[in-house]
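Listed here are the chains, written in short residue letters.
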Amino acid sequence: MTEKKTVKIATIGGGSSYTPELVEGFIKRYQELPLGELWLVDVPEGKEKLEIVGDLAKRMFEKAGLPVEVHLTLNRREALKDADFVTTQFRVGLLDARAKDERIPLKHGVLGQETNGPGGLFKGLRTIPVILDIVKDMEELCPEAWLVNFTNPAGMVTEAVLRHSDFRRVVGLCNVPIGMEMGIAKLLDVEHSRVRIDFAGLNHMVYGLDVYVDGVSVKDRVIELLSDPANTSFVKNVQGQGWEPEFIRSLNALTCAYHNYYYKMPEMVKKTIETAEKEGTRAEVVKRLEDELFELYKDPNLAIKPPQLEKRGGAYYSDAAVRLITSIYTDKGDIQPVNTMNKGAIASIPYESAVEVSCVITKDGPRPITMGDIPVAARGLVQQIKSFERIACEAAVEGSYDKVVLALTINPLVASDKLAKKIVDEMLEAHKAYLPQFFKTKKVAA
Ligand code: G6P
């Protein structure tokens, strides 16, 4: 009898507080995805957290009675060797860097947020060189593996891999689409499995072009529900404020939580400043939450994902990630929204660019479903963000100061080139340790 091959997964940023989510997902889907080895990788600064979360992961598999080996390592190459899937959930510069991404723009009256505006740009500049290094290692050590990237800004990071490497087995993943489906299922009081949305757009800039219950469109009803302030955000970290009914009716598409930053810019900046003054920026709040979570994780009697983790914005991440990995592994052919190469699915976005779109998931990865186009009222904004992402990727790869200023100036959340430059200068200095490509010492001519 031939032994059944088990799956090896390497998770980069394995010391993250989100790891128990992922482990819970592997446990739930073990029958379809026979996980044999889970390698949790982190950097030396994350060693303590890696050990705490790694021990919890071991207890969770043990309690579930599953023979999964959990390996903890600071050696990425050892973890990548012969992996079948690589998931990435790392944060260059940890939460301190995120706090700077949020605080510095706010001082200038500009939105401080981890994936949008200046914060998203700088998180991208710090992350892109690292992801391109990981891809190089994967080409050498596990060329058949799929990279499932959850590291933010997930859209920009996927764009960077598609445009600045030859590696094609990459999928960007976000919990916003699954969160929208679950939120709408709740509003309609139906099971999540009965709801499907046609997604089209970019990460954190995704629209629902239609929504179905059991295959029948319920879009008009959902659009009506979305003008209620209570219903405009389905993630914990973005406080939606409710759309004007005229706006949402005539846009005639479902919005995601992050659209609040673009269609309600002054109100959201004001609210973010007020919240930062009262309780700290989101990174500062999350830091406190993490301390609480890691205290719980240390308890040797804990062997499940604690419910407190649901206070984080990344809820359902495990469902999205493990559902995707399982469908690639089993060649399932189901429909899931992911970030992948457009290949003509959305008419007004370049063929080679990363888009967030509903796809059929097969062993060859995601096959984007042709969506036609984004509504004309939203098209310009989506294209603008795509241009911002592309220039940001070039800036990150080339270490080009001019391109960083250009990227931020064309970002809709920043109103002028002068202001963009001021923020760029401050943020470059603040993040110097993690942006070596911008601080190369000049060669002196001989
Ligand atoms: C949302 C986003 C994720 C993001 C998370 C932040 O779910 O989709 O991209 O990472 O929120 O949550 P946090 O709890 O860290 O603010």
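Residues numbered from 1 in each chain as written. Predicted model: local features only at pLDDT ≥ 70, side-chain atom pairs only at ≥ 80, totals over all residues.

Student: Got a minute to help me understand the overall build of the protein in this structure?
Tutor: Each helix and strand in the protein was counted, giving 16 helices and 12 strands. Against the 2.2 N^0.38 benchmark of 22 Å for 446 residues, the protein shows a C-alpha radius of gyration of 21 Å, consistent with a compact globule. Burial status across the protein gives 50% buried among its 446 residues. (Helix = DSSP H or I, 4+ residues; strand = E, 2+ residues; numbered from the N terminus. Rg over C-alpha atoms; globule rule 2.2 N^0.38 Å. Buried ≥ 20, exposed ≤ 12 C-beta atoms within 10 Å, placed from the backbone.)

Student: Help me understand the confidence of the model for the protein in this model?
Tutor: Caution applies to low-pLDDT parts of the model: their predicted coordinates are not meant to be read in detail. Across the protein, pLDDT averages 94, with 97% of residues at or above 70. Overall fold confidence for the complex sits at a pTM of 0.95, while the interface term, ipTM, reaches 0.96. (pLDDT = per-residue confidence, 0-100.)

Student: Sorry if this is basic, but what is going on with the site of the ligand here?
Tutor: The full set of residues close to the ligand is Thr-115, Asn-152, Cys-174, Asn-175, Val-176, Val-235, Asn-237, Arg-282, Val-286, Arg-312, Gly-313 and Gly-314. When grouped by side-chain class, the residues that make up the shell around the ligand number four nonpolar, six polar and two charged. (Near = placed C-beta within 6 Å. Nonpolar A, V, L, I, M, F, W, Y, C, P; charged D, E, K, R; others polar.)

Student: What exactly am I supposed to notice about the environment of Lys-28 here?
Tutor: Within the fold, Lys-28 resides in helix α1 (residues 19-28). Between the C-alpha atom of Lys-28 and that of Asp-319, which follows or precedes it by 291 residues, the distance is 9.1 Å.

Student: What is the right way to read unusual backbone geometry from this model?
Tutor: Keep in mind that most residues, glycine aside, have a negative phi and that most peptide bonds are trans. Pro-153 follows Asn-152 through a cis peptide bond whose omega is -10°. Looking at where Pro-153 falls in the secondary structure, it is placed in the loop between β5 (146-149) and α6 (154-164). Although it is not a glycine, Asp-82 adopts a positive phi angle of roughly 60°. Topologically, Asp-82 is positioned in the loop between α3 (76-80) and β4 (85-88). Asp-82 gets classed as exposed once you count the C-beta atoms within 10 Å, which come to 11. Notably, Asn-252 is not glycine yet its phi reads approximately 55°, a positive angle. Along the chain, Asn-252 turns up in the loop between α9 (245-251) and α10 (259-263).

Student: Which parts of the structure should I look at to understand helix α12 (residues 282-297)?
Tutor: The periodicity of an α-helix, 3.6 residues per turn, causes residues three or four places apart in sequence to face the same way. The terminal C-alpha atoms of α12, which comprises 16 residues, lie 22 Å apart, in line with the 22 Å expected from a rise of 1.5 Å per residue. Buried positions along α12 lie against α2 (47-63) and α4 (94-107). (Expected span 1.5 Å × (residues − 1). Contact = placed C-beta atoms within 7 Å.)

Student: Even after reading the chapter, I still don't get the environment of Leu-251, so can you show me in this structure?
Tutor: As for its placement among the helices and strands, Leu-251 is situated in helix α9. Distance in space between the C-alpha atoms of Leu-251 and Ala-377 is 6.6 Å, their sequence separation being 126 residues. Beyond its immediate sequence surroundings of up to four residues, Leu-251 is in contact with Pro-375, Ala-377 and Ala-378.

Student: Honestly, α6 in this entry has me stumped. Any pointers?
Tutor: In terms of burial, α6 is a largely internal element, nine of the 11 residues being buried. What α6 keeps buried is the set Ala-154, Gly-155, Met-156, Val-157, Thr-158, Glu-159, Ala-160, Val-161 and Leu-162.

Student: Can you help me understand the packing of α1 against α2 in this one?
Tutor: A pair of packed helices is captured by two measures, namely the crossing angle of their axes and the spacing between those axes. Relative orientation of the contacting elements α1 and α2 amounts to 20°, with a least axis distance of 10 Å. Considering the angle they form, α1 stands roughly parallel to α2. Between α1 and α2 the crossing geometry is right-handed. Counted together, Thr-19, Pro-20, Val-23 and Ile-27 of α1 and Val-53, Leu-56, Ala-57, Met-60 and Phe-61 of α2 form the full contact between these two elements. (Axes fitted to C-alpha atoms, helices over the stretch in contact; angles between N-to-C directions. Parallel < 35°, antiparallel > 145°, perpendicular 65-115°, else oblique. Left-handed = near helix turned anticlockwise from the far one by under 90°.)

Student: Looking at this structure, I do not really get the nonpolar core. What am I missing?
Tutor: Val-148, Leu-173, Ala-321, Leu-324 and Ala-392 are the most contacted members of the largest nonpolar core, which has 132 residues in total. Looking at this core, the element that brings in the most residues is helix α14 (residues 376-398), giving nine residues. If near-sequence neighbours (up to four positions away) are discounted, Leu-173 is found in contact with Val-148, Asn-149, Phe-150, Ala-154, Ala-320, Ala-321, Leu-324, Val-338 and Asn-339. (Core = buried A, V, L, I, M, F, W, Y, C linked by C-beta atoms within 7 Å.)

Student: I keep staring at the environment of Lys-311 and nothing clicks. Help me out?
Tutor: Examined against the element boundaries, Lys-311 turns out to sit in the loop between α12 and α13 (317-330). Exposure remark for Lys-311: the 14 C-beta atoms within 10 Å place this residue in the partly exposed category. Residues Lys-311 and Lys-236, spaced 75 residues apart in sequence, show a C-alpha to C-alpha distance of 6.7 Å. For Lys-311, the contacting residues outside a window of four places in its chain are Lys-236 and Leu-289.

Student: Before we go on, may I ask you to explain the pairing of strand β7 (residues 195-202) in this structure?
Tutor: On a regular strand, one side chain projects to one face of the sheet and the next to the other, so that they alternate. Burial analysis of β7 places seven of its eight residues in the buried class, the great majority of the element. Judged from the eight bridges that link them, β7 and strand β8 (residues 205-213) form a sheet pairing that is antiparallel. Counterpart to Gly-201 in the pairing with β8 is Val-206. Linkage of β7 to β8, two consecutive antiparallel strands, is achieved through a turn of two residues, within which His-204 is found at a positive phi near 60°. Bridge analysis of β7 against strand β11 (residues 354-362) gives two bridges, and the strand direction is antiparallel. Looking at the pairing, Gly-201 lines up with Glu-356 of β11. (Pairing = 2+ DSSP bridges.)

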